[in-house]
Amino acid sequence: MDKFSGQKRAVQHLYPPVDPFDQRMMEVDGGHTIYVEQCGNPDGIPVIVLHGGPGGGCSPAMRRYFDPKAFRVVLFDQRGCGRSRPHASVVNNTTWDLVADIERIRDALEIEQFIVFGGSWGATLALIYAEAHPERVSNLVLRGVFMMTQAELDWFYGGGAGLFWPEPWARFSDLIPEEERGDMIGAYHKRLFCGDLRIETQYAKAWSAWENALASVYSSGSGGDAPGEYARAFARLENHYFTNAGFLDFDGQILAQVDRIAHIPGVIVQGRYDMICPPARAWHLAEAWPNAEMRMIRNAGHALSEPGISAELVRTMDQLAAR
């Protein structure tokens, strides 16, 4: 839910709004069609933006972290969300399908190598893609690192974060019978995929509100009321990926295979008070990755739109452009 939190405070750090010079619907395998756009300079430094979620989709604000004179910015809505179709579908929708889609986009746009820019789940996907195709990645710029481990899921859906935010946790957990609360992901899965659109939307909004309530360090604890169509795609896709442990071969795979990207320069921008993806994971990643630089942002949480995080991401991309 990054795109809803605190944008007015962060907007002062961003480049002016920019329209795409290219928009297309790209047919991929498994019955999916994905939305792809390009903005900025067609001859600029290629960068691909990987949104969060899974299921979050791209927003126009995501174009504004890059100098449009310097960068050729590629954004796409991952399978099942945003403008991609079929909407909210989890069929043929795995991490490895998304990795293959990135390769299809790169090939279709005739890009040899690009900067990969992603936050939260987008950081997860960026790392997995880079470990699978290191020769295609010139730099990694990551925000709010999520390593797709069981410990992280246990923290956020097992009550750890709820110790700090008991009111929104109660709203999230009280919808589930007490005997099912030992597995909140599983309990929500039953309801998000029950086949009744009304029930699916009700629980999707609750799932989305729990995450959004904790996204910003400035949050009052209210998760808001996301549009039903958006919330349903967001919640179903997140739950699908988390139920399947990100479709990785083993728990801790990303960190275990970090040697594959040891030569790639990276910047990790992390909020000190990130309640969704606690900073320890980002720190462990930076410790194991020789070419990574950790930039811990004081007084910041998880959201892309936190002012300190927005400022540091723009500064990072400006530095890369200057080089």
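Worth saying up front: this structure is predicted, and the values here are computed from it rather than measured.

Novice: Provide a residue-level description of the pairing of strand β5 (residues 114-119), including the pertinent values.
Specialist: Along β5, 6 of the 6 residues are buried, which leaves the element largely enclosed by surrounding structure. By the bridge criterion, 4 bridges tie strand β3 (residues 45-50) to β5 in an arrangement that is parallel. Residue pairing across strands places L50 opposite G118, the latter belonging to β5. One ladder, built from 6 bridges, connects β5 with strand β6 (residues 137-143); its direction is parallel. Residue pairing in the sheet places F114 in a bridge with V137 of β6. In this fold, the crossover linking β5 to β6 by way of helix α3 (residues 121-132) has right-handed handedness.

Novice: Before we move on, could you go through the nonpolar core and cite the residues and values that matter?
Specialist: Counting residues in hydrophobic clusters, the biggest one holds 75 residues, and the most contacted among them are L140, W207 and W289. In terms of residue count, α3 provides more of this core than any other element does, 8 residues in total. By size, the runner-up hydrophobic cluster in this structure holds 26 residues, among which are L14, Y15, V49 and A300.

Novice: If you had to explain the layout of surface pockets to someone new, which residues and values would you point to?
Specialist: If you add up the space inside the largest pocket, you get close to 150 Å³. Along the walls of the largest pocket sit 13 residues, with R171, K205, A206, A209 and W210 positioned nearest its centre. Elements that contribute at least two residues to the lining of the largest pocket include exactly α5 (166-173) and α7 (197-213). Among the elements that make up the lining of the largest pocket, the one with the highest residue count is α7 (6 residues). Its residues placed into classes, the lining of the largest pocket shows 7 nonpolar, 3 polar and 3 charged.

Novice: Explain the side chain of E200 to me, using residue names and the numbers behind them.
Specialist: Locating E200 in the fold gives a position in helix α7. Exposure remark for E200: the relative accessible area of 4% places this residue in the buried category. E200 has contacts with R191, L192, F193, C194, G195, R232 and R236, leaving out every residue within four places of it along the chain.

Procedures and definitions
Residues numbered from 1 in each chain as written. Predicted model: local features only at pLDDT ≥ 70, side-chain atom pairs only at ≥ 80, totals over all residues. Heavy atoms only, no water. Buried < 20%, exposed > 50% of the residue type's maximum accessible area, 1.4 Å probe, protein only. Helix = DSSP H or I, 4+ residues; strand = E, 2+ residues; numbered from the N terminus. Pairing = 2+ DSSP bridges. Right-handed = clockwise from strand over helix to strand, strands pointing away. Core = buried A, V, L, I, M, F, W, Y, C linked by side-chain atoms within 4.5 Å. 1 Å grid on protein atoms, 1.4 Å probe; cavity = no way out; pocket = protein on both sides within 12 Å on 5 of 7 lines; lining within 4 Å. Points joined across faces, edges and corners; volume = space filled by probe spheres on them. Nonpolar A, V, L, I, M, F, W, Y, C, P; charged D, E, K, R; others polar. Contact = heavy atoms within 4.5 Å.

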